Amino acid sequence: MGEEASCNTVTVMEPKENGHSAAVEEAVAVAGAAAPPAAAAVDPRLQGISDAIRVVPHFPKQGIMFNDITTLLLRPGVYKDAVDLFVERYRGMGIDAVAGIEARGFIFGPAIALAIGAKFIPLRKPKKLPGEVISEKYVLEYGTDCLQMHVGAIEPAERVIIVDDLVATGGTLCAAIRLLGTLLIY
């Protein structure tokens, strides 16, 4: 199987009624960052978000319960609620950049970045970015892959949120954190 997550991050997962984690999870890739305080009451928007996410059994392989966010995107009000929850969590926290992991991190990442006044950094598959890039290879549950980012996309001491659609083994998230950290010492 794939590697287990072994990086220093704060991961925030929103529980769903059906027992699965929400389709959007994020990690704050800031050394020593603390998790945002837990809400005293469950936000009623979470139920609408949960209801809008289709669970597809045995995709992409047998035994996987895939949380499909494309159905959420068909409901603009619910999509806005999902973005707003992130914006409310991170607005005013001095976040400088939102890094989105290809491809579904591109769905929520830019909207969150714009709303909190941060830049958006695309973390892409190989050979998708022009110009000088750095790469980070990682292990998936069913193979290996690589993320790339433009050199100079982040500066030392910038606070970054990483957005992806899910965390399975944590390999992609750890690769993103290593990639962002590499740029800081590049």
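Residues numbered from 1 in each chain as written. Predicted model: local features only at pLDDT ≥ 70, side-chain atom pairs only at ≥ 80, totals over all residues. Heavy atoms only, no water.

I tried to follow the overall build of the chain on my own but got confused; where do I start?
A count of helices and strands for the chain gives five helices and nine strands. Counting from the amino terminus, the chain carries its helices and strands in the arrangement β-β-α-β-β-α-α-β-α-β-β-β-β-α. Per-residue burial for the chain yields a buried fraction of 42% across its 186 residues. If you take every contact in the chain between residues at least 6 apart in sequence, the share linking residues at least 24 apart comes to 62%. About 9,700 Å² of surface is accessible on the chain, with carbon and sulfur atoms providing 57% of the total. (Helix = DSSP H or I, 4+ residues; strand = E, 2+ residues; numbered from the N terminus. Buried < 20%, exposed > 50% of the residue type's maximum accessible area, 1.4 Å probe, protein only. Contact = heavy atoms within 4.5 Å. Areas by Shrake-Rupley, 256 points an atom, 1.4 Å probe, with all protein chains shown as cover.)

It is not clear to me how the packing of helix 1 (residues 45-52) against helix 3 (residues 76-90) should be interpreted in this structure. Could you clarify?
Two numbers describe a pair of packed helices, the interaxial angle and the distance between the axes. In contact at an axis separation of 9 Å, helix 1 and helix 3 are set at 130° when each is read in the N-to-C sense. Overall, the two elements helix 1 and helix 3 adopt an arrangement that is oblique. When the axes of helix 1 and helix 3 are compared, the crossing they make is left-handed. When helix 1 is examined against helix 3, the residues R45, L46, G48, I49 and A52 are found in contact with a partner set consisting of V78, D81, A82, D84, L85 and E88. By residue class, the composition of the contact of helix 1 with helix 3 is six nonpolar, one polar and four charged. (Axes fitted to C-alpha atoms, helices over the stretch in contact; angles between N-to-C directions. Parallel < 35°, antiparallel > 145°, perpendicular 65-115°, else oblique. Left-handed = near helix turned anticlockwise from the far one by under 90°. Nonpolar A, V, L, I, M, F, W, Y, C, P; charged D, E, K, R; others polar.)

Please explain the environment of L74 as it appears in this structure.
Position of L74 relative to the elements: it lies in the loop between helix 2 (70-73) and helix 3. As for L74 and A52, which are separated by 22 residues in sequence, their C-alpha atoms are 8.7 Å apart.

Help me understand the side chain of Q148 in this model?
Tracing the backbone shows Q148 in strand 8 (residues 143-150). One polar contact links the side chain of Q148 to the main-chain amide nitrogen of K127, over a distance of 3.1 Å. Among the polar contacts made by the side chain of Q148, one reaches the side chain of S135 at a distance of 2.8 Å. Here Q148 is in contact with P122, L123, R124, K125, P126, K127, L129, V133, I134, S135 and L179, once residues within four sequence places are set aside. (Polar contact = N/O pair within 3.5 Å; in protein donor to acceptor, adjacent residues only side chain to side chain.)

Help me understand the pattern of salt bridges, please; the structure alone is not making it clear to me.
Pairing of side chains with opposite charge becomes possible as their charged atoms draw close. Across all of its chains, the model carries eight salt bridges by this definition. For the salt bridge of R124 with E102, the shortest nitrogen-to-oxygen distance reads 2.7 Å. Of this pair, R124 sits in the loop between strand 6 (119-123) and strand 7 (133-140) while E102 sits in the loop between strand 5 (97-101) and helix 4 (105-116); the two residues are 22 residues apart in sequence, bridging distant segments of the chain. The partner of E158 in a salt bridge is K119, with the nearest N and O atoms 3.0 Å apart. In this pair, E158 sits in the loop between strand 8 and strand 9 (160-164) while K119 sits in strand 6, placing the two residues 39 residues apart along the sequence. In this structure K119 comes out as partly exposed when scored by relative accessible area, which is 31%. (Salt bridge = Lys/Arg side-chain N within 4 Å of Asp/Glu carboxyl O.)

Would you mind showing me how to read the nonpolar core here?
Nonpolar side chains in soluble globular proteins tend to end up buried together. Counting 22 residues, the largest nonpolar core has I49, L72, V98, F108, I112 and I116 as its most contacted members. Mapped by element, the contributors of at least two residues to this core are helix 1, helix 3, helix 4 and strand 9. The leading source of residues in this core is helix 3, at seven residues. Three or more residues apiece are contributed to this core by two domains, here domain 1 (46-90) and domain 2 (94-185). Here I112 is in contact with V83, F86, V87, V98 and V163, once residues within four sequence places are set aside. (Core = buried A, V, L, I, M, F, W, Y, C linked by side-chain atoms within 4.5 Å. Domains from an automatic or database assignment.)

Is there a simple way to think about the pairing of strand 5 in this case?
Every regular strand shows the same layout, with side chains that alternate between the two sheet faces. Of all five residues in strand 5, five are buried, a share of seventy percent or more. Covered by surrounding structure in strand 5 are A97, A99 and I101 together with V98 and G100, the residues of both alternating faces. Pairing geometry for strand 5 and strand 6, over five bridges, is parallel. Bridged to V98 within strand 6 is F120. (Pairing = 2+ DSSP bridges.)

Such coordinate-based values are descriptive only and should not be taken to indicate function.
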